[in-house]
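# Analysis of the macromolecular model
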Amino acid sequence: MRLRKIIHIDMDAFYASVEQRDFPEFRGKPVVVGGDPDSRSVVCTASYEARKYGIHSAMPTSKAKRLCPHAIFVFPRFSAYKEVSRQVNEVFHEFTDLVEPLSLDEAYLDVTENKKGITSATHIAREIKQRILEVTKLTSSAGVAAIKFIAKIASGMNKPNGLTVITPEEAEKFLEELAIGKFYGIGEVTEKKMISLGIKTGKDLKHFTQSELIRHFGKSGSFYYNIVRGHDFREVEPYRTRKSIGAENTFAVDILDKPSVFAELDDIADVLWDRVERSDAKGKTLTLKVKYDDFESITRSISFKNFIDSKETILKFGHKLLTGTEAGKRKIRLIGLSISNLQSGEEEESAQLRFAFGD
Ligand code: TTP
Ligand code: MG
């Protein structure tokens, strides 16, 4: 198989950096982008100055305020972030059209062949970062590798303003040293199970044969066997459309009280509807996800003939789905709602993993 040159770019403290750029008085200060700190909202992101106080994404804003009372709290300005995202995307296309955006602030690029005829992917990553800085006045971090998931981990390794290259020669050692929970396709549940089997790193995982892994993990075992050997054959897919829009919340404290769970669901429905309205996609399937305090996770879905076109529909059927769970009987750690079966999304057999995997 031909070796690819893949770059993963991720903007640094994205929403917070845009705020610091647009409001110079915020620069050098702890900035928290999220909801009202006196409500039960959560932090979208925090500036690096705020992260020093232990503030991070998804933390309740009330807690962020306790950790750093003098932080500047601002509401997100999505139109500003979307505009930056559009500019960054234009920069990417100066180099290649094989761009797969993952969210407003990150994307994969395949630069094996590129519009500038540059052979070194590292060189391209440096130029892209420079162009992003010129155009948006913002810093980003890049990861360069021959496969997607290593490139993604690499971009996070030297943030902010980082550039990390993992060459194909270095990949084997890199994967052997990688903590097991960082592997693509290994979520919290599998990570726990792996650790209970004594698998803490890629190296530990390699000691297991494929059939042993299948015995422990079912068909996902083959996937784990391959991924630890760097077999990630996913291509950069420029036309990939999103499969779902969702919102979820992990509670600061697990919730048993039924009315409280329903109240939380209403808040999540608000956020979800806001996201649906901001995107151009409409969907026909509503899915509820519930994670109990022992990490058991279940989903319940309902599909409609027509597109889900109001928050009321989400609320009504969200409640119905939640009624069919053990809410009120078991403590709940997380709930989430998502809409899938999207109008703008094509059925994506091709985007699915070549290996089936669970979690
Ligand atoms: P990330 O790239 O995960 O975070 P970041 O860019 O703020 O920081 P980093 O330097 O570590 O990359 O997410 C990009 C943006 O997405 C982030 O600025 C805000 C938004 N976001 C949320 O709204 N909620 C979340 O839980 C997360 C993780 C991100
Ligand atoms: Mg980012």
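Scoring rules and cut-offs
- Residues numbered from 1 in each chain as written.
- Chains lettered and ligands numbered in written order.
- Predicted model: local features only at pLDDT ≥ 70, side-chain atom pairs only at ≥ 80, totals over all residues.
- Heavy atoms only, no water.
- Helix = DSSP H or I, 4+ residues; strand = E, 2+ residues; numbered from the N terminus.
- Rg over C-alpha atoms; globule rule 2.2 N^0.38 Å.
- Contact = heavy atoms within 4.5 Å.
- Areas by Shrake-Rupley, 256 points an atom, 1.4 Å probe, with all protein chains shown as cover.
- Lys, Arg positive; Asp, Glu negative; His and termini not counted.
- Charge placed at Lys NZ, Arg CZ, Asp CG, Glu CD.
- Donors = N, O, S within 2.8 Å, 3.2 Å for Na, K, Ca; no water.
- Tetrahedral: all angles 85-135°; square planar, octahedral: opposite > 155°, others 65-115°.
- Buried < 20%, exposed > 50% of the residue type's maximum accessible area, 1.4 Å probe, protein only.
- Near = heavy atom within 4 Å.
- Polar contact = N/O pair within 3.5 Å; in protein donor to acceptor, adjacent residues only side chain to side chain.
- Nonpolar A, V, L, I, M, F, W, Y, C, P; charged D, E, K, R; others polar.
- Domains from an automatic or database assignment.
- Salt bridge = Lys/Arg side-chain N within 4 Å of Asp/Glu carboxyl O.
- Pairing = 2+ DSSP bridges.
- Expected span 1.5 Å × (residues − 1).
- Arc of directions from axis to C-beta.
- Axes fitted to C-alpha atoms, helices over the stretch in contact; angles between N-to-C directions.

## With respect to the overall build of the protein chain
Helix and strand counts for the protein chain stand at 13 helices and twelve strands. For 359 residues, the compact-globule formula gives about 21 Å, and the C-alpha radius of gyration of the protein chain, at 21 Å, lands near that figure. With respect to the principal axes defined by its C-alpha atoms, the protein chain has extents near 60 × 60 × 45 Å. Across the protein chain, every contact between residues at least 6 apart in sequence was considered, and the portion connecting residues at least 24 apart equals 64%. Just so you have it, the protein chain exposes about 18300 Å², and 51% of that area is on carbon and sulfur atoms. Here the protein chain contributes 55 positively and 52 negatively charged side chains, and the mean placements of these two sets differ by 2 Å.

## Here we look at the coordination of the magnesium ion (ligand 2)
Protein coordination at the magnesium ion (ligand 2): the donors are D10 (OD), M11 (O) and D105 (OD), at 2.0 to 2.3 Å from the metal. With six donor atoms in place around the magnesium ion (ligand 2) and angles of 80 to 177° between them, the coordination shape is octahedral. Of note, the magnesium ion (ligand 2) draws all its donor residues from one chain, in the sequence arrangement D-M-x93-D. With a gap of 94 residues between them, M11 in strand β1 (residues 6-11) and D105 in the loop between β5 (99-103) and β6 (106-110) connect regions that are remote in the sequence. Classification of D105 by relative accessible area gives buried; the value is 17%.

## Quick word on the site of ligand 1
Lining the immediate surroundings of ligand 1 are 13 residues, of which A13, F14, T45, Y48 and R51 lie closest. A distance of 2.5 Å separates an oxygen atom of ligand 1 from a polar atom in the side chain of T45. The fraction of the free accessible surface of ligand 1 (560 Å²) that becomes covered by protein chains is 70%. Contributing elements (two or more residues each) for the shell around ligand 1: β1, α1 (14-22), β3 (43-46) and α2 (48-51). Looking at the shell around ligand 1 residue by residue, the class counts come to six nonpolar, two polar and five charged. Residue-level mapping places the shell around ligand 1 at the junction of two domains, with at least three residues from each of domain 1 (6-13 + 79-169) and domain 2 (15-78).

## As for the environment of T112
Within the fold, T112 resides in the loop between β6 and α5 (121-136). According to the relative accessible area criterion, T112 is buried, its value standing at 16%. Distance from T112 to N341, taken between C-alpha atoms, is 33 Å for residues 229 residues apart in sequence. Dropping the residues within four chain positions of it, T112 is found in contact with R2, L3, R4 and K5.

## What about the pattern of salt bridges?
Scanning the model with the defined rule gives 23 salt bridges in all. Of the charged contacts, one joins E100 and K148 as a salt bridge, the two residues approaching to 2.9 Å between their closest N and O atoms. Of this pair, E100 sits in strand β5 while K148 sits in helix α6 (residues 148-155), placing them 48 residues apart in sequence. Taken together, the shared-partner salt bridges in this structure form one network comprising E19, R21, D22 and R77.

## A word on the pairing of strand β10 (residues 283-292)
On a regular strand, each side chain points to the face opposite its neighbour's, so the side chains alternate between the two faces of the sheet. Burial runs high along β10: eight of the ten residues are buried. Pairing of β10 with strand β11 (residues 297-303), which is carried by seven bridges, proceeds in the antiparallel orientation. Each bridged residue has a counterpart across the sheet, and for T287 the counterpart in β11 is S301. Linking two consecutive strands that pair antiparallel, namely β10 and β11, is a turn of four residues; a positive phi of about 75° is found at F295 within it.

## Comments concerning helix α13 (residues 311-323)
Here α13 contains 13 residues, and its C-alpha end-to-end distance of 18 Å stays within 8% of the 18 Å for a straight helix at 1.5 Å per residue. Within α13, burial applies to T313, I314, F317, G318, L321 and L322. All buried residues of α13 fall inside an arc of 150° around its axis, so they share one side. Across α13 from its buried face, at more than 90 degrees, point the exposed residues E312, K316, K320 and T323. Among the structural elements, α12 (258-278), β10, β11 and β12 (332-342) are those in contact with the buried residues of α13.

## Here we look at the sheet that holds β10
Overall, antiparallel pairing links the four strands, which are arranged β9-β12-β10-β11 in an open sheet. Looking at which strands have only one partner, the edges of the open sheet turn out to be β9 (244-255) and β11. Taken over all neighbouring pairs, the strand axes of this sheet differ in orientation by 15° on average, direction set aside. Summarising the sheet, β10 and β12 pair through nine bridges and their orientation is antiparallel. Bridge assignment links L288 to a residue of β12, and that residue is L337. Against the sheet, α13 makes contact with β10, β11 and β12, and its axis sits at roughly 40° relative to β10, the strand it touches most.

## Focus on the sheet that holds strand β2 (residues 31-34)
Read from one edge to the other, the open sheet built from three strands follows the order β3-β2-β4, with strand pairing classed as mixed. Of all strands in the sheet, those bounded by a partner on one side alone are β3 and β4 (72-74). Strand after strand, the sheet turns through a mean of 25° between neighbouring axes, direction not considered. Sheet analysis places β2 next to β3, joined by three bridges and oriented antiparallel. Its bridge partner being in β3, V33 is matched across the sheet by T45. Of the strands in this sheet, β2, β3 and β4 are in contact with α1, which crosses β2 at around 120°.

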